[in-house]
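Structural features, examined
Here is what each chain is made of, one letter per residue.
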Amino acid sequence: GAVVSQHPSWVICKSGTSVKIECRSLDFQATTMFWYRQFPKQSLMLMATSNEGSKATYEQGVEKDKFLINHASLTLSTLTVTSAHPEDSSFYICSAYPLGRGSTDTQYFGPGTRLTVL
Amino acid sequence: AQSVAQPEDQVNVAEGNPLTVKCTYSVSGNPYLFWYVQYPNRGLQFLLKYITGDNLVKGSYGFEAEFNKSQTSFHLKKPSALVSDSALYFCAVRDMDSGNTPLVFGKGTRLSVIA
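Residues numbered from 1 in each chain as written. Chains lettered and ligands numbered in written order. Predicted model: local features only at pLDDT ≥ 70, side-chain atom pairs only at ≥ 80, totals over all residues. Heavy atoms only, no water.

**Considering the overall build of chain B**
Heads up, the condition is: Where helices and strands are cited, they refer to DSSP runs of H or I of at least four residues and of E of at least two residues respectively, numbered from the N terminus. When we talk radius of gyration, it's over C-alpha atoms, and the globule rule is simply 2.2 Å times the number of residues to the 0.38. Think of it in three bands: with a 1.4 Å probe and only protein chains considered, a residue is buried below 20% of the maximum accessible area for its type, exposed above 50%, and partly exposed in between. Throughout, a residue-residue contact means that at least one pair of heavy atoms, one from each residue, lies within 4.5 Å.
Secondary structure summary: chain B contains 0 helices and 12 strands in total. N-terminal to C-terminal, the α/β element order of chain B is β-β-β-β-β-β-β-β-β-β-β-β. Relative to the globule expectation of 13 Å for 115 residues, the C-alpha radius of gyration of chain B, 14 Å, shows essentially globular dimensions. Taking all 115 residues of chain B together, 44% fall into the buried category. Here the analysis covers contacts within chain B between residues at least 6 apart in sequence; of these, 57% occur between residues at least 24 apart.

This is the structure:
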């Protein structure tokens, strides 16, 4: 099956620092990856669509200067939370559609990254 | 615009009993429908999907879901619940003609199976 990994799985940082989260598709390529944020006991909120080789598309209300997204290759997208604050603490999940698999119907998700900002 | 409604925040069922987790959707075109399960501090695991064809879809771990176009529903079911089925379940939808756009998720339903 299609596997998506995230690194780190959890991170604790001090307020004001920046944190980078990696999302990798391990056995498929993806021109498009998605970044979601999930608050405790709530649904997934789409933050942005990451496009390989071009700028990310951010959802309304998401600060693009705070949540920097880079999709440098067909298997890697990164989310950098800049100058993190406690309110950025959350569970961040990435996902992707396999490219060239004959079916692009199923969106595969990474295991998530738990960010805690002190 | 696409949307998903999961009317129940919590569903409790006794082990061995059948379970149903409800989902209704709204799309402008034809829907792709999905169910995912999430265990604590984990990402989403794909359970099953409806694309086209038979309205009854069978998925992982004995789960199934029935697509009902007239009621715009896609309820998740299992004939006999296990304690290990306790988790958070998300229904999601995408318009068939929308390309590789992200899924739209319901708010989730927490399933608790009691031994």
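**A look at the interface of chain B and chain A**
Just so we agree on the cut-off: A 1.4 Å probe defines the accessible area here, and the buried area is the portion of it lost by two parts on being joined, summed over both. Counted as a polar contact is a pair of N or O atoms within 3.5 Å, where, for protein atoms, one must be capable of donating a hydrogen and the other of accepting one, and residues adjacent in sequence contribute only when both atoms are in side chains. For this scheme, ten residues count as nonpolar: Ala, Val, Leu, Ile, Met, Phe, Trp, Tyr, Cys and Pro. Four count as charged, namely Asp, Glu, Lys and Arg, and the remainder, Gly too, count as polar.
Contact with chain B, which involves 22 residues of that partner, is made by 23 residues of chain A. Summed over both sides, the interface between chain B and chain A buries roughly 1,600 Å², with carbon and sulfur atoms accounting for 52% of that surface. Taken together, the links from chain B to chain A amount to 8 residue pairs in polar contact (both at pLDDT 80 or more). Ranked by the residues each element gives to the side of chain B that touches chain A, the list is headed by strand β5 (residues 31-38) of chain B, at 4 residues. Here the residues of the side of chain B that touches chain A are counted per class, giving 11 nonpolar, 6 polar and 5 charged.

**So, the packing of aromatic side chains**
Between two aromatic rings, the relevant description is the distance of the centres plus the angle of the planes. Heads up, the condition is: The pairing test for Phe, Tyr and Trp rings, Trp by its six-membered ring, is centres within 6.5 Å, and the orientation test on the planes gives stacked under 30 degrees, edge-to-face over 60, and tilted for anything in between.
For the structure on display, the rule yields 15 aromatic pairs over all chains. With a centroid separation of 6.2 Å and 90° between ring planes, the pair formed by F90(B) and F105(B) is classed as edge-to-face. On the criterion of sequence distance, the pair formed by F90(B) in strand β10 (residues 87-95) and F105(B) in strand β11 (residues 104-105) is long-range, its members being 15 residues apart. Using a relative accessible area of 11% as the deciding quantity, one classes F105(B) as buried. Through a chain of ring-to-ring contacts, the aromatic side chains of Y36(A), F109(A), F34(B), Y36(B), F46(B), F90(B) and F105(B) assemble into a single cluster.

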